[in-house]
Amino acid sequence: MPVVELSYTRLQKLLGKISKKQISENLPFLGLDIESEDNDKVRIEYSPNRPDYSTDLGIILGLQGLFGIKVGAIKLNIKKSNEYVLSVKPSVSKIRPFVTGIVAKNGRIDDDMIKQLMAMQEDLHFGIGRKRKKSSIGIHDLDKISFPLTYTTSNKDHKFIPLHSDKELSISQILETTDIGKEYGSIIKNSTQVPVILDSKKQTVSFPPIINAAVTTVTTKTRNLFVEVTGINKNDAEDMLSIVATILQTAGFTLISTKISGAKNTSPKLEPRKISVNSALINQMLGTNLTNSQIITSLKKSRLDAILKGKNIICTIPSYRFDIFGSMDLVEEVALGYGIQNLEPILSPSQTLGQTNSISVKLKSLSLIMVGLGYTEALNSSLTSKKVLYEMTNREPINMISVLDSKSQEHTILRDSIIPELLENLSRNIHASYPQKIFETGNVFSKYNPIKETTSFAVISAHQDASFTEIKSILQSALKTGFNLEIETKTFSHPTFEEGRTASISVNDKTIGVIGEINSKTIENYKIRVPVVGFEISLSGLLFD
Amino acid sequence: MSQIFHEIEKKIITSLQNIPIQTPEKLEKSTNLSPDQIRRGIEWLKLKDLAIVNESQTSNISLGKNGLESFHKGLPERRLLELLKNESKNLQDLQKELGSVFGPAMGLARKNNWVDTDDDKVILKNYLTELPGEKTLKQIGENKIPKNEVDVDDLSSILKRPNFVVEDIVKIKEISLTENAKSIEVTNDLSGAIDVESKVPGIFVARTHPLKDTIDEIREIFVTLGFTEIIGEFTQPSFWNFDALFTPQDHPARELQDTFYLDGIAAKKIGTAEQIRKISESHKKNWRYYWDINEARKMVLRTHTTCVTIKHLAETKPDESRVFSLGRVFRNEKVSYKHLVEFNQIEGVVVGKNATLRDLMGIQKEFYRRIGITKIKFWPTFFPYTEPSLQTMVYNDRLGKWVELFGMGIFRPEVTKPLGITKPVLAWGGGIERIAMLKYGLDDVREFYNNNLGWLRSVTKCQ
């Protein structure tokens, strides 16, 4: 989950008379988890569906609602203007077809504000921007730009001074030599043309989605901003813009519209939506008896607007709340505004009778029988390594099932047998006293249309006098006592077991597994110092389907 | 106090009551018991606080090969003096006479001014009746004697000579009775009684795995709360693990770095044509992207058991139901004391026309009460497939803080509608290892899968 760092003093300055304790106690009720606290600084995790919480300004809007300082929806006041024009050339349509933008004037930007804006931009790029692939933002110093702007394409020889650089670089150089170019270049790599925003003096403003030009860098001296968002989907780009616009208005900027046209692009509206919800649905879902006015109050505390129209509540949802899909989302908004802590848990009697799955019942019986025979239950991972599963047991890795890009080398292959891991367990316990007798039941996997999962049962016994007879007695007794099954063993060969002391196991003429003495090569591979005997059978098809 | 003693104990006590301090060797003779019986008897009596074992060490010396030769023939320097006693002799003659010991003997005699040389002649200057070391040599002879019985100064003159004196350190155990034991009456009782108070050796108990015990406990709680257990496969098409649960195909949770994809394995059949069509439509409409069926076919190791539940609900479309599933789930994570790539999850649903969020909270509260957790609270959170979504926070007394346990919520209409599920579905789920860690007081979750016999054989079953 994404993390944002807040300062209590800054929050208090913006919220008014609210104590630090009140703030920290209420953050979780916005769905924000406090990750760590260090005096004035608090790091919180927010849910990816609420990108408006990627800055403290967004969180303040939420807290104002919870504390009842300011309630209701945030209305964007966008002044209409024809001054800021951005035209789009058709050439962008195959690369990154959409652009949108807004102007924000007369704001104050201090270091804290820059930090919050940068963090927000990063989070938006990573989350709803899907690592800039879907949409990306550029925030510029408006006064360094000459309108009208053009969103067009250029070839890779095009040069400009990128952000954080003091010399001119070509697009190719940016893509090949800068960290940011290498990281995000793949988004536009396949095209010979790349998207750029140029101003009326042919000066480069931005090379989306990679980097802005240095000339428009925002500093603490900047008072007026131009924000552009480019992307592959118009609605997604406008969603992202609506968050930035809401945050900038909250920070004290005056919003002014940008006129956008060309190649299916239009000026952003950023207008609220209306969703109708019935109080009956809300009360039915929450298990409450809230009145219409309680519901409306709760929605307003969640920074939405709501009015009663006939039997329905018409809810106004500002454009930055695009996480709200329909009426069930409003049920949650009511719950949050009302306060989760005010919902009393109830335990209604069950209308159904519970039942344990018959597989679980049989596996449990088998475990108890094995314990009765003196065997301790082991638990291993289904994911193990090629080394443990095949190399140590001298088995050929045919039809191996591997996972992609595992972060752990010990967990790369799905097991097709349990015995290798039980032997691995023995090798880690050579200093514990003998006899060591362990068993495990669990899933094993084989390639079959596309994968067959079966339940396997493996048992091993390791001590100075371990013998085939001993382990066959265990198998025979376990299946006879547990399930009234008679086993037969027939001479067999297996790379893990000793030649001449290995047998296949069958029940009613159906082969179900292998039993025998583990051969000396395997025992040496695992550095075990005593004889080991064991068996493994498939329970699927034997005890259950 | 009447005490029952073993025959061995009786014999040792009786013997020590007669001769108060004895070594084990002496006890063997006085009791006619074997060394092993004596050793065990002393151990038992010590545990009962009836015998005292005093351990000390002394050093014994005896003569080595060269020492014994000197004991029989005289020290080399003695032999030199004897040869010169009557007449001066030639160097070469003496060398022939004494052989290899001539050098050291000559050196010592010259240094101590017993002899002098004049060209080739060796002349006796001083004849001593007793040379340093001779007294000790005679005293030890062919015996082994305690080191403290000999004159330290005299010993020092031969102690450093090679193979002269052999020293060995001997540990001495002296057994005596405590005051209590001195007056004990050891009677011969014929009742066949044994010492029921003595300690016995420990044996290991074979047992089910502690984590399995916790899983069974949780299973039983849900069954008694009216839930039926369903079981599903670990390997699932992305369709059921993600798409059916309204997780868009470009969602970060679906990336390789979080989810285990099976290399080159795709499902041929993932659902009914209607299920596929409706789910793809819901994604296209709500998430606004190109939904790719091939992405949905990719096989993954399930990241939650919710895929088993949703598949079950899509098949049965119940009006009223309580089911749960319990089993392994997988995350592509770095293994650490708090993260495993593979762990167990419990996950359950209530379907019913009157199911409410408060019921969901009530079931959680009752579950926690039954596993002994009473300090809980609910916080809002987010899951792609539930709305509203909550998480339980429970207070961990040992850590002194609130920790997150189960997540829960009501399935979104975007999840239920395409699958033809019409009644509200309350759902919750969470990791079992976390609960087991609280129960067994573990700080490292890996312990459950180490199969360390030391731990498995010692951990208390009911905690």
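Residues numbered from 1 in each chain as written. Chains lettered and ligands numbered in written order. Predicted model: local features only at pLDDT ≥ 70, side-chain atom pairs only at ≥ 80, totals over all residues.

Draft legend 1. Highlighting the domain arrangement of chain B. Splitting chain B by domain gives domain 1 (1-50 + 178-200), domain 2 (63-167) and domain 3 (210-456). Here domain 1 of chain B and domain 2 of chain B have C-alpha centroids that lie 53 Å from each other. (Domains from an automatic or database assignment.)

Draft legend 2. Summary view of the packing of helix α11 (residues 358-372) of chain A against helix α14 (residues 468-483) of chain A. Residues and elements named next belong to chain A. As a packed pair, α11 and α14 sit with axes 10 Å apart at the nearest point and diverge in direction by 130 degrees. What the angle tells us is that α11 and α14 run oblique. As for how α11 packs across α14, the hand of that crossing is right-handed. Of the residues in α14, those in contact with S365, L366, I369 and M370 of α11 are A478, T481 and G482. Its residues placed into classes, the contact of α11 with α14 shows 4 nonpolar, 3 polar and no charged. (Axes fitted to C-alpha atoms, helices over the stretch in contact; angles between N-to-C directions. Helix = DSSP H or I, 4+ residues; strand = E, 2+ residues; numbered from the N terminus. Parallel < 35°, antiparallel > 145°, perpendicular 65-115°, else oblique. Left-handed = near helix turned anticlockwise from the far one by under 90°. Contact = placed C-beta atoms within 7 Å. Nonpolar A, V, L, I, M, F, W, Y, C, P; charged D, E, K, R; others polar.)

Draft legend 3. How the structure looks around the pairing of strand β28 (residues 497-507) of chain A. Residues and elements named next belong to chain A. Strand direction decides the pairing type here: strand β27 (residues 488-491) and β28, joined by 4 bridges, are antiparallel. Across the sheet, residue E488 finds its bridge partner in β28, namely S506. The hairpin turn running from β27 into β28, its antiparallel successor, is 5 residues long. Here β28 folds back onto strand β29 (residues 510-518), and the loop between the two strands holds 2 residues, one of which, N508, carries a positive phi near 50 degrees. (Pairing = 2+ DSSP bridges.)

Draft legend 4. Examining the domain arrangement of chain A more closely. Once the domains are mapped, chain A shows domain 1 (3-67), domain 2 (78-266), domain 3 (278-339) and domain 4 (358-538). One C-alpha centre belongs to domain 3 of chain A, the other to domain 4 of chain A; they are set 57 Å apart.

Draft legend 5. Representation of the sheet that holds strand β9 (residues 261-266) of chain B in the model. Residue and element names in this part refer to chain B. A sheet is described by the order of its strands in space; here 3 strands give the open sequence β8-β10-β9, paired in antiparallel fashion. The open sheet has two edge strands with one neighbour each: β8 (235-237) and β9. Taking each pair of neighbouring strands and ignoring which way they run, the sheet shows an average axis angle of 35 degrees. Where β8 and strand β10 (residues 298-301) come together, 3 bridges link them in antiparallel fashion.

Draft legend 6. Highlighting unusual backbone geometry. Following F147 of chain A, the chain continues to P148 of chain A via a peptide bond in cis, the omega torsion being -5 degrees. Mapped onto the elements, P148 of chain A comes out in the loop between β7 (135-141) and β8 (149-155). Cis geometry marks the peptide bond from E387 of chain B to P388 of chain B, where omega comes out at -5 degrees. Secondary-structure assignment places P388 of chain B in strand β14 (residues 386-396). Even without being glycine, N32 of chain B reaches a positive phi, approximately 65 degrees. With respect to the helices, strands and loops of the structure, N32 of chain B is situated in the loop between α2 (24-31) and α3 (35-47). Owing to 10 C-beta atoms within 10 Å, N32 of chain B belongs among the exposed residues under this scheme. (Buried ≥ 20, exposed ≤ 12 C-beta atoms within 10 Å, placed from the backbone.)

Draft legend 7. Up close: helix α7 (residues 102-111) of chain B. All names here are of chain B. Listing the buried residues of α7 in full gives A105, M106 and A109. Projected down its long axis, α7 carries its buried residues within an arc of 95 degrees, all on one side. Across α7 from its buried face, at more than 90 degrees, point the exposed residues G103, G107 and K111. Just beyond α7, the residue with positive phi is N113, at close to 60 degrees. (Arc of directions from axis to C-beta.)

Draft legend 8. How the structure looks around the sheet that holds strand β21 (residues 376-377) of chain A. All names here are of chain A. Overall, mixed pairing links the 7 strands, which are arranged β21-β25-β26-β30-β29-β28-β27 in an open sheet. Each having just a single partner strand, β21 and β27 make up the two edges of the open sheet. The sheet contact formed by strand β26 (residues 451-462) and strand β30 (residues 532-538) spans 7 bridges and is antiparallel. Each bridged residue has a counterpart across the sheet, and for A458 the counterpart in β30 is E536. Taken strand by strand, helix α13 (residues 419-427) contacts β25 (436-447), β26, β29 and β30, and its axis lies near 35 degrees from that of β26.

Draft legend 9. Region of the structure containing the pairing of β7 of chain A. Residues and elements named next belong to chain A. Counting buried positions over the 7 residues of β7 gives 6, a clear majority of the element. Direction of pairing for β7 relative to strand β14 (residues 225-231): antiparallel, over a ladder of 7 bridges. Counted as the bridge partner of H140 is F226 from β14.

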